[in-house]
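Reading the structure
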Amino acid sequence: MKLTEREKAIYQVTWAGSFVNFLLVIFKFIAGILGHSAAMIADAVHSLSDFATDIVVLIFTRISNKPQDKNHDYGHGKYETLATAIIGIVLFAVGASICWNGLQAIQTVWQGGRLPAPGMLAFAGAIISIVSKELIYRYTIHVGRRINSSAVIANAWHHRSDAFSSIGTAIGIGGAILLGESWSVLDPMAAVVVSFFIMKVSVQLLKPCVDELTEKSLPDEIEKEICLITENTPGVSAIHNLRTRRIGNHYAIEMHVRMDGHLTLYEAHAKASVIENKLKEKYGNETHVGIHVEPVKSADGTYRE
């Protein structure tokens, strides 16, 4: 997929999600205030964070798709990783905030206080949120996987976490409505349970970001595949000093390759180019490949002439 097509797909799916989030933020705040539901107001805050992360994705995707320049020899791919990390951090903060507010409401009831009973408007808001956010999640995750965008996939999970939050809100509000005002505590209790799911998703998003930003190597199965492709190239004797990492959605591969020491510089370069083209064919044209060619060593450890 060309970068322009990829960028267009990211913008399209993100603008669709941001439009849905914008409408939900307004509707949820109105439903939460008029429906006397603390969980619905917390849900509205979650949707607001979702809308904010849509903007983050739009901005950072534009930067990450810029070609390499004088100050960024390896391109700008890690800006997309940074966008994913920001989404994960915001998601964790939102989950922690929902949990904290819910626990405070539960403590109020435990100390003899009473919570206002939520109304049907708040319940309707939760149902609408569940349906709309699940639909936009399915659309976003499909696009994210198709174009291999970690930021779009992260944003998709942010959409689904909003749907999870609304499920907990619907259960709490519905239970409080059916069982009466004395059971209004179900509203914040449901919000607390859902907040843990939200924080779990945020940790799952942050882990690969930390791995990439700390230059973690590619998985063993991919490195074995790289070795197999290289060693099956005619004229290659051995491979060593393999180093790999991710740069955004692309791979960086560096290695030392041993060949016949009697090859001319032109012949060695041609064989290295074959390896490079094979790796780019397998992992994408944006793959960074660095190959250091060495002559085969003799039995005594010295290089052959």
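Scroll up for the structure.
Residues numbered from 1 in each chain as written. Predicted model: local features only at pLDDT ≥ 70, side-chain atom pairs only at ≥ 80, totals over all residues. Heavy atoms only, no water.

1. Overview of the overall build of the chain
Under the convention used in this document: Helix numbers and strand numbers start at the N terminus; a helix is a DSSP run of H or I with at least 4 residues, a strand a run of E with at least 2. Only protein chains enter the accessibility calculation, which uses a 1.4 Å probe; a residue is then buried when its area is under 20% of its type maximum, exposed when over 50%, and partly exposed in between. Contacts are residue-level and defined by heavy atoms, with any inter-residue pair within 4.5 Å sufficient. All accessible-area figures derive from a Shrake-Rupley calculation using a 1.4 Å probe, and residue coverage is judged against the displayed protein chains alone.
A tally of helices and strands in the chain yields eight helices and three strands. Listed N to C, the secondary structure of the chain is α-α-α-α-α-α-α-β-β-α-β in terms of helices and strands. For the chain, buried positions account for 45% of its 305 residues. Excluding contacts between residues fewer than 6 apart, the proportion of contacts in the chain whose partners are at least 24 apart in sequence is 72%. Put simply, the chain shows about 16,000 Å² of open surface, and 63% of that area lies on carbon and sulfur atoms.

2. Digging into the pairing of strand β2 (residues 250-259)
This is how it is decided: Here, strands pair whenever DSSP counts at least two bridges between them. Place the viewer so that the strands point away; then a crossover is right-handed whenever the path from the first strand over the helix to the second strand goes clockwise.
Here β2 lies mainly inside the structure; seven of its ten residues are buried. Across nine bridges, the pairing between strand β1 (residues 236-247) and β2 is antiparallel. Across the sheet, I239 pairs through a bridge with V257, a residue of β2. When β2 meets strand β3 (residues 288-295), the two strands line up parallel, connected through eight bridges. Following the sheet pairing, V257 is matched in β3 by V293. As a crossover connection, the stretch from β2 through helix α8 (residues 265-283) into β3 is right-handed.

3. Comments concerning the side chain of H159
Position of H159 among the secondary structure elements: in helix α5 (residues 150-179). Looking at H159, the relative accessible area reads 1%, which means it is buried.

4. Comments concerning the nonpolar core
How we decide: Remark: nonpolar core denotes a set of buried residues (Ala, Val, Leu, Ile, Met, Phe, Trp, Tyr, Cys) joined through side-chain atoms within 4.5 Å.
Core analysis: the biggest nonpolar cluster contains 15 residues, and I226, I253, M255, L279 and Y283 have the highest contact counts within it. Among the elements of the structure, α7 (220-231), β1, β2 and α8 are those that each provide at least two residues to this core. Ranked by size, the runner-up nonpolar core spans twelve residues in total, among them A39, I98, I198 and L205.

5. Some words on the packing of α7 against α8
So the rule is basically this: For helices, the fitted line uses only the C-alpha atoms of the stretch in contact; every axis is such a line through C-alpha atoms, and the angle between N-to-C directions lies from 0 to 180 degrees. Note on angle classes: values under 35 degrees are labelled roughly parallel, values over 145 roughly antiparallel, values of 65 to 115 roughly perpendicular, and the remainder oblique. The hand of a helix crossing depends on one turn: near helix anticlockwise from the far one by less than a right angle means left-handed, and clockwise means right-handed.
Contact pair α7 / α8: the axes reach a minimum separation of 10 Å and the direction vectors enclose 140°. On the basis of their axis angle, the class for α7 and α8 is oblique. α8 is crossed by α7, and the crossing has right-handed handedness. Taking contact as the criterion, the partners of I222, E225, I226, I229 and T230 in α7 are, on α8, I275, K278, L279, K282 and Y283.

6. Topic: unusual backbone geometry
Non-glycine residue N241 carries a positive phi angle of around 50°. Positionally, N241 belongs in strand β1. Residue classification places N241 among the partly exposed residues on the basis of a relative accessible area of 44%.

7. What to know about the side chain of S202
Relative to the assigned elements, S202 resides in helix α6 (residues 186-213). On the accessibility criterion, S202 (0% relative accessible area) is buried. Other than its neighbours up to four places away in sequence, S202 contacts G88, L91 and F92.

8. Re the sheet that holds β1
Read from one edge of the open sheet, three strands run β1-β2-β3, paired in mixed fashion. Single-partner strands in this sheet number two, and they are β1 and β3. With strand direction ignored, the average angle separating the axes of adjacent strands in the sheet is 15°. Helix-sheet contacts for α8 involve β1, β2 and β3, and the interaxial angle to β2 is about 150°.

9. Structural notes on the packing of aromatic side chains
For the record, the criterion: Here a pair means two rings of Phe, Tyr or Trp (six-membered ring of Trp) with centres within 6.5 Å. Their orientation is stacked below 30 degrees between planes, edge-to-face above 60, and tilted elsewhere.
Under the criterion given, the structure shown has two aromatic pairs. On the numbers, 5.3 Å between centres and 55° between planes, the contact of Y251 with Y283 is tilted. A residue pair is termed long-range when its members are at least 10 positions apart, and Y251 in strand β2 and Y283 in helix α8 qualify at 32 residues.

10. Some points on the environment of H250
With respect to the helices and strands, the residue H250 is situated in strand β2. Sequence separation between H250 and N285 is 35 residues; the distance between their C-alpha atoms is 9.0 Å. Excluding anything up to four places from it in sequence, H250 contacts R245 and E286.

11. With respect to a nonpolar patch on the surface
Note the cut-off: Patch criteria: residues need more than 30% relative accessible area and no salt bridge. Like-charged residues are merged within 9 Å; nonpolar side chains of Val, Leu, Ile, Met, Phe, Trp and Tyr are merged within 5 Å. Salt bridge, as used here: a side-chain nitrogen of Lys or Arg that lies within 4 Å of a carboxyl oxygen of Asp or Glu.
On the surface, F19, F22, L23, I26, I30, I33, L34, I41, V45 and L121 cluster together to form a nonpolar patch covering roughly 900 Å² of accessible area. Within the residue set of the nonpolar patch, elements represented by two or more residues are α1 (3-34) and α2 (38-64). Along the chain, the position of I41 falls in helix α2. Accessibility expressed as a relative area gives 32% for I41, which makes it partly exposed.

12. A closer look at α8
Condition: In a helix, the anticipated span is given by 1.5 Å times the number of residues less one. When we speak of the arc, we mean the arc of directions from the helix axis to the C-beta atoms.
Relative to the 27 Å expected for 19 residues at 1.5 Å per residue, α8 spans 27 Å between its end C-alpha atoms, a close match to the ideal helical length. Those residues of α8 not exposed but buried are A268, A272, I275, L279 and Y283. The buried residues of α8 occupy an angular sector of 55° when projected down its axis, which confines them to one face. In α8, the exposed residues that point more than 90 degrees away from the buried face are Y266 and E281.

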